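Structural features, examined
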Amino acid sequence: MARLVVVSNRVPVPSAKGGTAAAGGLAVALEAALKSRGGLWFGWSGKTSGDREIEWLEIRDHGNVTYAVADLNRRDVDEYYTGFANRALWPLCHYRLDLTDFSRKDMAGYFRVNRSFARLLAPLLRPDDLIWVHDYHLIPLAAELRHMGVKNRIGFFHHIPWPPADVLSTLPVHDTIMRGLAAYDLVGFQTDYDVENFAGCMIREGFGKSLGHGWFESYGHKFQVGNFAIGIDTQTFVAMAEEGMKNSIVKRTCDSLRNCDLVIGVDRLDYSKGIGQRIEAFSRFCEMSPSAKGQVTFLQITPKSRSEVPEYAQMQRDIAELTGRVNGSLGDVDWTPIRYVNKTLGRGALAGLYRIAKAGLVTPLRDGMNLVAKEYVAAQDPTDPGVLVLSRFAGAAREMDGALIVNPYDVEATANAIGRAISMPVEARRERYNSMMPKLLEHDVAAWCRDFLDVLSANEEFEPEAGLRALN
Ligand SMILES: O=P(O)(O)OC[C@H]1O[C@H](O[C@H]2O[C@H](CO)[C@@H](O)[C@H](O)[C@H]2O)[C@H](O)[C@@H](O)[C@@H]1O
Ligand SMILES: O=c1ccn([C@@H]2O[C@H](COP(=O)(O)OP(=O)(O)O)[C@@H](O)[C@H]2O)c(=O)[nH]1
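The shown structure was predicted, so the numbers you read here are calculated from the model rather than taken from an experiment.

1. Topic: the site of ligand 1
Taken together, 20 residues are adjacent to ligand 1, and Arg10, Tyr81, Asp135, His159 and Asp367 come closest. Separating an oxygen atom of ligand 1 from a side-chain N or O atom of glutamine 190 is a distance of 3.0 Å. In this structure, an oxygen atom belonging to ligand 1 sits 2.5 Å away from a side-chain N or O atom of aspartate 367. Among the elements of the structure, helix 1 (25-37) and helix 2 (74-93) are those that each provide at least two residues to the shell around ligand 1. The residue makeup of the shell around ligand 1, split by class, is 8 nonpolar, 7 polar and 5 charged. Mapping the shell around ligand 1 onto the domain boundaries places at least three of its residues in each of domain 1 (4-231 + 447-458) and domain 2 (234-442).

2. What about the domain arrangement of the protein?
Along its sequence, the protein is carved into domain 1 (4-231 + 447-458) and domain 2 (234-442). Spacing between the C-alpha centres of domain 1 and domain 2 amounts to 30 Å. Domain 1 puts 27 residues into the contact, and the matching count from domain 2 is 24 residues. Here domain 1 packs against domain 2, burying approximately 2100 Å² in sum over the two surfaces, 62% of which is carbon and sulfur. Between domain 1 and domain 2 we count 2 salt bridges in total. Close ionic contact of aspartate 192 with arginine 398 constitutes a salt bridge, the shortest N to O distance being 2.7 Å. Seen at the junction of domain 1 and domain 2, the total is 8 residue pairs in polar contact (both at pLDDT 80 or more).

3. A closer look at the packing of helix 8 (residues 234-242) against helix 12 (residues 347-356)
Running from amino to carboxyl end, helix 8 crosses helix 12 at an angle of 75°, the nearest separation of the two axes being 8 Å. Judged on the interaxial angle alone, helix 12 and helix 8 are roughly perpendicular. Together, Phe237, Met240, Ala241 and Glu242 of helix 8 and Arg347, Gly348, Ala351, Tyr354 and Arg355 of helix 12 make up the contact between the two elements. Classifying every residue of the contact of helix 8 with helix 12 gives 5 nonpolar, 1 polar and 3 charged.

4. Section: the pattern of salt bridges
A side chain of one charge can pair with a side chain of the opposite charge if their charged atoms are brought near each other. According to the stated counting rule, one finds 31 salt bridges in the structure shown. Glutamate 58 is the partner of arginine 60 in a salt bridge, and the nearest nitrogen-oxygen pair spans 2.9 Å. Among the residues examined, arginine 60 registers a relative accessible area of 36% and is labelled partly exposed. For glutamate 58, a relative accessible area of 24% corresponds to the partly exposed category. Between arginine 429 and aspartate 384 there is a salt bridge whose closest N-O contact spans 2.7 Å.

5. Things to note about the confidence of the model for the protein
Predicted confidence across the protein gives a mean pLDDT of 93, with 95% of residues reaching 70 or more. The ipTM value of the predicted complex is 0.97, and its pTM value is 0.95.

6. Examining the packing of aromatic side chains
Overall, the coordinates contain 27 aromatic pairs when judged by the stated rule. Arranged with centres 6.3 Å apart and planes meeting at 25°, the rings of tyrosine 80 and tyrosine 110 form a pair that is stacked. Of this pair, tyrosine 80 sits in helix 2 while tyrosine 110 sits in helix 3 (residues 104-121), and the two are 30 residues apart along the sequence. Side by side, tyrosine 80 and tyrosine 110 carry an identical accessibility label, which is buried. Three or more aromatic residues joined by ring pairs make a cluster, and in this case those are Phe42, Tyr80, Phe84, Tyr110, Phe111 and Phe117. A cation over a ring is seen here: arginine 306 above tryptophan 90, with NZ or CZ 4.1 Å from the ring centre. Stacked on the ring of tyrosine 95, the Lys or Arg arginine 366 has its end atom at 3.7 Å from the ring centre.

Each value, and the rule that gives it
- Residues numbered from 1 in each chain as written.
- Chains lettered and ligands numbered in written order.
- Predicted model: local features only at pLDDT ≥ 70, side-chain atom pairs only at ≥ 80, totals over all residues.
- Heavy atoms only, no water.
- Near = heavy atom within 4 Å.
- Polar contact = N/O pair within 3.5 Å; in protein donor to acceptor, adjacent residues only side chain to side chain.
- Helix = DSSP H or I, 4+ residues; strand = E, 2+ residues; numbered from the N terminus.
- Nonpolar A, V, L, I, M, F, W, Y, C, P; charged D, E, K, R; others polar.
- Domains from an automatic or database assignment.
- Contact = heavy atoms within 4.5 Å.
- Buried area = accessible area lost by both parts, 1.4 Å probe.
- Salt bridge = Lys/Arg side-chain N within 4 Å of Asp/Glu carboxyl O.
- Axes fitted to C-alpha atoms, helices over the stretch in contact; angles between N-to-C directions.
- Parallel < 35°, antiparallel > 145°, perpendicular 65-115°, else oblique.
- Buried < 20%, exposed > 50% of the residue type's maximum accessible area, 1.4 Å probe, protein only.
- pLDDT = per-residue confidence, 0-100.
- Phe/Tyr/Trp six-rings, centres within 6.5 Å; stacked < 30°, edge-to-face > 60°.
- Lys NZ or Arg CZ within 6 Å of the ring centre and 35° of its normal.

Written out as structure tokens, the structure is:
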């Protein structure tokens with residue numbers, strides 16, 4: 001079997017104690033995927049080191065995975081990560097044109113860092129390595145590697161939504177981005193909607209043509225495109241949730257709740273996650289249901305994220321203020337309706353908290369997949385499961401038909417869904433849980449990894465029938 005080389009912006013190198021604190025779906029999923037197959041994991045260490053140019057790598061073996069990471073200097077972090085990745089591509093792909101900032105300096109920094117990463121990676125590659133690049137930070141990487149003569153099969157997986165042509169074409173360098181994607185052998189998206197949007201960008205904007213069965217030709221290169229919904233390590237998560245009650249955070253939460261029902265939300269503090277609308281919906285639910293007062297508590301776990309991006313810093317202030325306002329107006333001396341926590345919790349604690357929560361609120365305004373939705377369901381007690389309230393704009397909604405699907409912009413409807421979830425009879429809850437769990441077990445993170453790599457390694461040449469077999 002060929003060696004797997006994974007490339008991602010964020011590489012959670014295990015600490016000396018063996019643990020990592022990864023509060024992002026990509027890192028969590030890739031950790032699980034690499035654990036089973038082994039290989040090389042290359043990318044940014046997450047550290048910023050002065051003014052030094054990217055020129056050296058720290059290489060460390062841990063189990064069957066070799067980690068090769070580079071520090072970035074302040075200018076690179078500002079332009080490549082904070083600037084172009086998180087102030088241009090992220091809002092653009094989440095349909096937030098009002099929040100995009102297309103700075104020429106940041107764009108140049110983005111392409112410069114990708115070139116530097118390619119220079120560091122190329123000497124580590126062996127001729128038969130399978131290279132799998134992840135996410136919007138690294139779109140130009142394959143084109144840079146090709147310029148250096150790298151001939152390996154290279155795949156790309158886009159973890160966040162892909163926007164329609166009218167949205168993408170607002171980006172000044174959208175043609176270079178599309179050209180960058182066309183340099184891969186396989187480009188994977190989370191859902192069929194993302195694939196449709198990508199095909200629309202390719203064809204309508206005149207960058208290439210469809211050859212059928214997921215094959216495209218662009219800038220003289222034939223490549224495949226498909227949807228590969230990311231999964232979780234379902235069995236491990238089920239086991240963690242079963243042990244959840246032994247976790248001290250979970251015990252403390254149970255004690256403090258007394259007889260209150262728990263509703264839970266878990267998200268990075270990101271404007272795409274719809275946290276403000278969710279708090280408004282919970283507040284509306286409390287106003288509409290007098291019996292909820294003193295009887296239901298909403299716990300929102302929200303690690304801070306990308307605080308150096310001004311829109312995120314503003315949002316931190318807005319959500320804190322909103323939570324204070326709702327608690328002030330609805331709360332009582334012995335009841336705080338919303339518990340708002342800016343901490344990263346370990347996965348054992350999360351699994352236990354999901355299990356004791358009667359409802360899980362996953363209501364992003366737009367989300368590539370949302371692994372929390374899958375984790376919440378996997379953590380439930382099959383005999384007495386809680387109910388998932390899920391945004392139709394999360395990739396997870398394409399699979400999780402047992403959830404109560406909501407439009408998060410419709411605060412009133414989300415409030416009604418919270419009420420329905422909390423009062424749903426056990427038979428209906430079990431039926432919903434049973435309709436989702438088999439899919440979560442079958443399409444877990446190992447299956448996601450296997451499905452993508454099977455297609456990437458299978459079709460060296462344009463072969464429409466093989467494409468059809470692989471992608472259907
Ligand atoms: O690395 P950060 O800037 O701190 O952000 C964390 C990660 O957020 C995004 O996750 C996405 O990938 C998940 C797994 O496929 C998916 O479920 C979720 O919907 C996406 O938002 C981002 O794409 C990652 O690159 C970040 O590492
Ligand atoms: O305090 C926290 C909050 C979140 N997560 C994990 O971070 C991931 C978030 O992934 P998701 O796909 O939901 O969203 P993303 O943050 O990647 O956009 C999930 O696996 C969560 O369990 C965590 O470990 N601790």
